[in-house]
Amino acid sequence: QVQLVESVGGSVQAWVSLRLSCAASGRTFSNYAMGWVRQAPGKEREFVAAISWTGSTTYYADSLKGRFTISRYNAKNTVYLQMNSLKPEDTAVYYCAAVRWGTVVAGNPESSGSWGQGTQVTVSS
């Protein structure tokens, strides 16, 4: 399993931008497709975005397309989530995870078992 550590999130005002990062260690990072999920208080975990091993292909939750961007820099073993025009409804704990790419393509993303510890993002109006 690859070990994953997210950066600290934060408390921000609505409409600002925030970038999360997730550093991987322990295995060859470029062998893993990666994703971000989030969980808001009282809600189920929600898929946010996923990126292929090389970064050439990305998938997003329909509701987040155009505001969120996932990227990766394999030389630094890091995946990023750029979040723009944040809204209060984006408040959640954000997790990075290694994902099974076939499940992402099929529209039912699943983790391959490696998760970060989660980082809190709070957006106030």
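The structure we're discussing is the one just above.
Residues numbered from 1 in each chain as written. Predicted model: local features only at pLDDT ≥ 70, side-chain atom pairs only at ≥ 80, totals over all residues. Heavy atoms only, no water.

Considerations on the overall build of the protein chain
In terms of helices and strands, the protein chain carries 1 helix and 11 strands. Going from the N terminus to the C terminus, the protein chain shows its helices and strands as β-β-β-β-β-β-β-β-β-α-β-β. Burial status across the protein chain gives 44% buried among its 125 residues. In the protein chain, 57% of the contacts between residues at least 6 apart in sequence involve partners at least 24 apart. Charge centroids of the protein chain, computed over 11 positive and 7 negative side chains, lie 8 Å from each other. (Helix = DSSP H or I, 4+ residues; strand = E, 2+ residues; numbered from the N terminus. Buried < 20%, exposed > 50% of the residue type's maximum accessible area, 1.4 Å probe, protein only. Contact = heavy atoms within 4.5 Å. Lys, Arg positive; Asp, Glu negative; His and termini not counted. Charge placed at Lys NZ, Arg CZ, Asp CG, Glu CD.)

A word on the nonpolar core
Among the nonpolar cores identified, the biggest contains 31 residues, and W36, L81, M83 and Y94 are the most heavily contacted of them. Put simply, the parts of the chain that give this core at least two residues each are β3 (18–25), β4 (33–39), β5 (46–51), β7 (68–73), β8 (78–83), β9 (92–99) and β11 (119–124). Beyond its immediate chain neighbours, meaning those up to four positions away, L81 contacts L18, R19, L20, W36, V48, A49, F68, T69, I70 and Y94. A33, A50, V99 and V104 belong to the second-largest nonpolar core, a separate cluster that totals 5 residues. (Core = buried A, V, L, I, M, F, W, Y, C linked by side-chain atoms within 4.5 Å.)

A short note on the state of the cysteines
Tallied over the full model, the rule gives 1 disulfide. Paired through a disulfide, C22 and C96 show a sulfur-sulfur distance of 1.9 Å. On the sign convention where negative is left-handed, the bridge of C22 and C96, at about 50° about the S-S bond, is right-handed. Of this pair, C22 sits in strand β3 while C96 sits in strand β9; the two residues are 74 residues apart in sequence, bridging distant segments of the chain. No difference in accessibility class separates C22 from C96, as the two residues are buried. (Disulfide = S-S within 2.5 Å.)

Here's the deal with the pairing of β7
The alternating pattern of β7 places F68, I70 and R72 on a buried face, while none of T69, S71 and Y73, on the opposite face, is buried. In the sheet, β7 pairs with β8 via 6 bridges, with the strands oriented antiparallel. What sits directly across from I70, in β8, is L81. Joining the antiparallel neighbours β7 and β8 is a turn of 4 residues, in which N77 adopts a positive phi near 55°. (Pairing = 2+ DSSP bridges.)

Some points on unusual backbone geometry
Here the phi dihedral of N77 falls at roughly 55°; this positive angle occurs in a residue that is not glycine. On the secondary structure map, N77 appears in the loop between β7 and β8. The backbone of S85 shows a phi angle near 50°, a positive value even though the residue is not glycine. Within the element layout of this structure, S85 appears in the loop between β8 and β9.

Here we look at the sheet that holds β8
Here we have 4 strands laid out as an open sheet, ordered β1-β3-β8-β7, and antiparallel in their pairing. Here the strands that pair on one side only, and so sit at the sheet edges, are β1 (3–6) and β7. For this sheet, the mean angle separating the axes of adjacent strands, direction not counted, is 20°. (Axes fitted to C-alpha atoms, helices over the stretch in contact; angles between N-to-C directions.)

Brief notes about the side chain of S114
Within the secondary structure, S114 sits in strand β10 (residues 111–115). Non-local contacts of S114, meaning those with residues more than four positions away in its chain, are made with Q1, V2, L4, C96, A97 and A98.

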